[in-house]
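Remarks on the overall topology
The lines below spell out each chain.
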Amino acid sequence: MSEQGTGLSIPVPAGSRLYWGLFFNSQLLALAVYVLLTPANLSSPRLIGYGLIWLNVSTWVIVNSRPNPSTPGVRRRAKLVATGYFGLLLFAGGVAGVGIGDAATGFRFAWLPFGFGPAALYSGALVTINLIPIYLLGYSALAYLVYVTVIDTAGSAAAGIIGLFSCVSCSWPIVASLASAVIGGNSILVASALQVSYGLSTAVFVLTAALLYWRPTDWLTRFRGR
């Protein structure tokens, strides 16, 4: 007669829990490697936290959002709305802008805090481009949500326009930059304004992603229909 061995049973995550666990651990590993191998450091934990919020919220909404089946015409209209929205965010968020004429300095890499960097920056006479990873990912996620929203509302552009105006406050970093130019780059007030602007833009980003993902207007419509 054989005896069954009794031992500890360790639950192993499976499915989405496993994938998200690996994703979070990968972020910690990437952060450690980035700090060790680049001039960046951990002197800005708040900015690193903001970067992780943008990264995780963006990834979550993209992975969990799927448009309803639709006609080619509806998809084309949704792409047009989403593309226009994405372009506005790039401009409002300071990713792309007008050039600075003779003061142009060309192309360079900036080892900004994790998530914000590594950033590829181009300052030209006609155009300036600031390729900041979390902004590119975050704005892409919002544009994708607008695309899904427009499709799910039978091609109505109204839903996309509502989402578009809900993220106008993402232009706060531009406002802070203008304040810096007026007050002076070494001002303590400007440094505080920049910290506040990053926090506000992050909060607005999360709120916009939540509104576009869960769509409270759908809840109101269903409630009124009862």
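Keep in mind that this is a model prediction, so the values were computed, not measured. (Residues numbered from 1 in each chain as written. Predicted model: local features only at pLDDT ≥ 70, side-chain atom pairs only at ≥ 80, totals over all residues. Heavy atoms only, no water.)

Within the chain, the regular secondary structure consists of eight helices and four strands. Put simply, the chain runs from its N terminus to its C terminus through helices and strands in the order α-α-α-β-β-β-β-α-α-α-α-α. Across the 226 residues in the chain, those meeting the buried criterion constitute 34%. Counting only contacts in the chain whose residues sit at least 6 apart along the sequence, the fraction spanning at least 24 positions is 74%. Carbon together with sulfur atoms contributes 69% to the accessible area of the chain, which is approximately 13,800 Å² in total. (Helix = DSSP H or I, 4+ residues; strand = E, 2+ residues; numbered from the N terminus. Buried < 20%, exposed > 50% of the residue type's maximum accessible area, 1.4 Å probe, protein only. Contact = heavy atoms within 4.5 Å. Areas by Shrake-Rupley, 256 points an atom, 1.4 Å probe, with all protein chains shown as cover.)

In the UniProt entry, the feature "transmembrane region" (unreviewed entry) is given for residues 18-40, 47-63, 83-107, 119-138, 172-190 and 196-214. The annotated region residues 47-63 carries 100% helix and 0% strand content, and the separation between its end C-alpha atoms amounts to 24 Å. Taken end to end, residues 83-107 has its terminal C-alpha atoms 26 Å apart, with 40% of it in helix and 20% in strand. (UniProt positions renumbered as here; feature names shortened; annotations may be inferred.)

The next subject is the packing of aromatic side chains. Considering all chains together, one arrives at 16 aromatic pairs under this definition. Ring centres 5.8 Å apart and planes at 75° place the aromatic pair tryptophan 54 and tyrosine 139 in the edge-to-face group. One end of the pair, tryptophan 54, is in helix H2 (residues 45-63); the other, tyrosine 139, is in helix H4 (residues 133-152), with 85 residues separating them in the sequence. For tryptophan 54, a relative accessible area of 1% corresponds to the buried category. What makes tyrosine 139 buried here is its relative accessible area of 1%. (Phe/Tyr/Trp six-rings, centres within 6.5 Å; stacked < 30°, edge-to-face > 60°.)

An order of E1-E4-E3-E2 is seen for the four strands of this open sheet, with the pairing classed as antiparallel. Each having just a single partner strand, strand E1 (96-98) and strand E2 (106-110) make up the two edges of the open sheet. For this sheet, the mean inter-axis angle between neighbouring strands, taken without regard to orientation, is 15°. (Pairing = 2+ DSSP bridges. Axes fitted to C-alpha atoms, helices over the stretch in contact; angles between N-to-C directions.)

Topologically, threonine 128 is positioned in strand E4 (residues 127-131). Residue classification places threonine 128 among the buried residues on the basis of a relative accessible area of 15%. Among the polar contacts made by the side chain of threonine 128, one reaches the main-chain carbonyl oxygen of valine 98 at a distance of 3.3 Å. Discounting chain neighbours no more than four positions away, the residues touching threonine 128 are Val95, Ala96, Gly97, Val98, Gly99, Ile100, Tyr122 and Ser123. (Polar contact = N/O pair within 3.5 Å; in protein donor to acceptor, adjacent residues only side chain to side chain.)

What follows deals with the packing of helix H1 (residues 16-37) against H2. Interhelical geometry of H1 versus H2 gives an angle of 150° and a closest axis separation of 12 Å. Taken together, the axis directions place H1 and H2 in an arrangement best described as roughly antiparallel. Here H1 and H2 pass one another in a crossing that is right-handed. Here Trp20, Phe23, Phe24, Gln27 and Leu31 of H1 come into contact with H2, specifically with Ile48, Leu52, Leu55, Asn56, Thr59, Trp60 and Val63. Of the residues assigned to the contact of H1 with H2, the class counts are nine nonpolar, three polar and no charged. (Parallel < 35°, antiparallel > 145°, perpendicular 65-115°, else oblique. Left-handed = near helix turned anticlockwise from the far one by under 90°. Nonpolar A, V, L, I, M, F, W, Y, C, P; charged D, E, K, R; others polar.)

Our focus in this paragraph is a positive patch on the surface. Among the surface-exposed residues, Arg75, Arg76, Arg77 and Lys79 lie close enough to one another that they form a single positively charged patch. Positionally, arginine 76 belongs in helix H3 (residues 72-92). (Patch = residues over 30% accessible without salt bridge, like charges linked within 9 Å, V, L, I, M, F, W, Y side chains within 5 Å. Salt bridge = Lys/Arg side-chain N within 4 Å of Asp/Glu carboxyl O. Lys, Arg positive; Asp, Glu negative; His and termini not counted. Charge placed at Lys NZ, Arg CZ, Asp CG, Glu CD.)

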